[in-house]
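# A closer look at the structure
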Amino acid sequence: MSRLWVYLAASPLLWLTATLLAYQAGMWVFRRAGQRPIAHPVPLAVGALIVLLRATGTDYDTYFAGAQFVHFLLGPATVALAVPLYQNRAEVRRALLPMVSALLAGSAVAVLSAVGIAAALGASGETVASIAPKSVTAPIAMAISEQIGGQPSLTAAMVIATGILGAVMATPLLNLLGVRDWRGRGLAAGVAAHGLGTARAFQVNPLAGTFAGIALGLNGLVTAVLVPLLAQLWR
Amino acid sequence: MISALSVLLCCQLAGELVARLLQLPVPGPVLGLLFLFAVLLARGRTAETVGGTAQVLLGHLALLFVPAGVGLVRHGARLRMEWLPIFAALAVSTAITIAVTALVFQAVARALGPRP
């Protein structure tokens, strides 16, 4: 039995399989909870895996040797964001000026307010760098974070938390502000809360979802240019 | 699926190479996104090749950040010490971002005339 564990614990197969199973379990709970943003599968899967690593005394490097195969797909997934952008290019062209204005304003506010608040409340430099790209979709955010001296794994957690917060607060907040245009509402959800905001927007209205998807892709680009430039100015 | 993955990986590889060679402050995969967009504009048929695989990858985007999320085990001490600035920054900044984006879109759209 223990010899079996020695083999399993050292092979990438075990932790790759565990990652997929944990995510599937998270998805099951998410569907059971009526796809409410608060029951998102990622925190559930991450929590379950952390408990498992602790219980078996496995370190993160051993885990990552297996999970890296999933992690690797972040790059191709980022490239794939060009496809919905291309498919919706007619919508983008029609609302170009209001979209670009809102996108630039939203991108800048997302970064500056997060960095400003974290720094003002005494967060460390590395934490501030990790929090800067928090509104961008995970693969892009992690690449930005690494580039400006943040911790990609910390950024991944910030991105997920931001997505959940945004998905929960978007509808009541936008109602409060009296914004009725579905394009503007979707755009706001996509800029502030990336893929989770987009998934939420699609639940509410298809046009809002389309604009959220566009915002998610374009905000990734804008932030990827903006944050490293700001980081250079900061130093 | 294999040809779709080849297209995606070629764009990513080109992005990584250009970012490194020109020392651009943009992540390689983001440049790859731009390259793929340019390829799609130049040759619309590529969308059929890449479309299905792109949809699968983007449909399960959440799964892809589980391995990095587990990396939180390394940041336990930091989270215990800095949970307040982190939580406040995330919650307040997300609310401000939603409000500013939606209000700017609405203001500019209205200034340009009635809804089409």
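Residues numbered from 1 in each chain as written. Chains lettered and ligands numbered in written order. Predicted model: local features only at pLDDT ≥ 70, side-chain atom pairs only at ≥ 80, totals over all residues.

## Brief notes about the overall build of chain A
- Along the backbone of chain A there are 13 helices and 0 strands.
- In chain A, the order of α-helices and β-strands from amino to carboxyl end is α-α-α-α-α-α-α-α-α-α-α-α-α.
- The globule rule puts the C-alpha radius of gyration for 235 residues at 18 Å, and the 19 Å found for chain A is close to it.
- Its C-alpha atoms give chain A principal-axis dimensions of about 65 × 45 × 35 Å. (Helix = DSSP H or I, 4+ residues; strand = E, 2+ residues; numbered from the N terminus. Rg over C-alpha atoms; globule rule 2.2 N^0.38 Å.)

## Considerations on unusual backbone geometry
- A positive phi angle, near 35 degrees, is found at His194(A), a position not held by glycine.
- Topologically, His194(A) is positioned in helix 12 (residues 182–204).

## Examining the environment of Asp59(A)
- Checked against the element boundaries, Asp59(A) lands in the loop between helix 3 (41–56) and helix 4 (60–72).
- For the pair Asp59(A) and Gly166(A), spaced 107 residues apart in the sequence, the C-alpha separation amounts to 32 Å.

## Some remarks on the environment of Ala108(A)
- Structurally, the position occupied by Ala108(A) is in helix 8 (residues 96–120).
- Distance from Ala108(A) to Leu226(A), taken between C-alpha atoms, is 7.8 Å for residues 118 residues apart in sequence.

## A word on the interface of chain A and chain B
- In this assembly, 94 residues from chain A lie in contact with 64 residues from chain B.
- Examining the composition of the side of chain A that touches chain B, we find that 16 residues originate from one element, helix 11 (residues 152–177) of chain A, more than from any other.
- Tallied by class, the residues present in the side of chain A that touches chain B amount to 69 nonpolar, 20 polar and 5 charged. (Contact = placed C-beta atoms within 7 Å. Nonpolar A, V, L, I, M, F, W, Y, C, P; charged D, E, K, R; others polar.)

## Concerning the packing of helix 10 (residues 138–147) of chain A against helix 13 (residues 206–234) of chain A
All names here are of chain A.
- It is at 10 Å that the axes of helix 10 and helix 13 come closest, and there the two elements cross at 5 degrees. One way to sum up the angle between helix 10 and helix 13 is to call them roughly parallel. Taken together, the residues of helix 13 that come into contact with helix 10 (itself represented by Ile140, Ile144 and Gln147) are Gly220, Thr223, Ala224, Val227 and Pro228.
- A class-by-class count of the residues in the contact of helix 10 with helix 13 yields 5 nonpolar, 3 polar and no charged. (Axes fitted to C-alpha atoms, helices over the stretch in contact; angles between N-to-C directions. Parallel < 35°, antiparallel > 145°, perpendicular 65-115°, else oblique.)

## Observations regarding helix 6 (residues 76–111) of chain B
All names here are of chain B.
- Look at helix 6: 49 Å from first C-alpha to last across 36 residues, which is about the 52 Å you get at 1.5 Å a residue.
- Where helix 6 bends most, at Glu82, the angle is about 75 degrees, and the proline Pro85 comes one to four residues later.
- Immediately beyond the C-terminal end of helix 6, within one or two residues, lies Gly113, with a positive phi of roughly 125 degrees. (Expected span 1.5 Å × (residues − 1). Bend = angle between axes of the 7 residues up to and from the residue.)

## Quick word on the nonpolar core
- Formed by 115 residues in total, the largest nonpolar core has its most connected members in Ala80(A), Ala82(A) and Val66(B).
- Of all the elements, helix 11 of chain A adds the most residues to this core, at 14 residues.
- Sequence-distant contacts of Ala80(A), that is, excluding residues within four places in its chain, are made with Leu8(B), Ala54(B), Leu57(B) and Leu58(B). (Core = buried A, V, L, I, M, F, W, Y, C linked by C-beta atoms within 7 Å. Buried ≥ 20, exposed ≤ 12 C-beta atoms within 10 Å, placed from the backbone.)

## Quick word on the confidence of the model for chain B
- Taken over all residues, the pLDDT of chain B has a mean of 89, while the share at 70 or more is 97%.
- Per-residue pLDDT, averaged within each element of chain B, yields its smallest value for helix 4 (residues 61–64) of chain B (82) and its largest for helix 1 (residues 2–21) of chain B (94). (pLDDT = per-residue confidence, 0-100.)

## Observations regarding the environment of Val191(A)
- Inspection of the secondary structure puts Val191(A) in helix 12.
- Each C-alpha atom, one on Val191(A) and one on Asn88(A), is 16 Å from the other, the two residues being 103 residues apart in sequence.
- In contact with Val191(A), not counting residues within four places along its chain, are Leu103(A), Gly106(A), Ser107(A), Ala110(A), Ser135(A), Ala215(A), Asn219(A), Thr97(B) and Thr101(B).

## Focus on the confidence of the model for chain A
- Mean pLDDT for chain A: 89, with 99% of residues reaching 70 or above.
- Within chain A, the lowest mean pLDDT, 77, falls on helix 1 (residues 2–10) of chain A, and the highest, 95, falls on helix 8 of chain A.

## Some thoughts on the packing of helix 8 of chain A against helix 6 of chain B
- Between helix 8 of chain A and helix 6 of chain B, the shortest axis-to-axis distance is 8 Å and the interhelical angle comes to 160 degrees. With respect to helix 6 of chain B, the axis of helix 8 of chain A lies roughly antiparallel. The hand of the helix 8 of chain A/helix 6 of chain B crossing is right-handed. (Left-handed = near helix turned anticlockwise from the far one by under 90°.)

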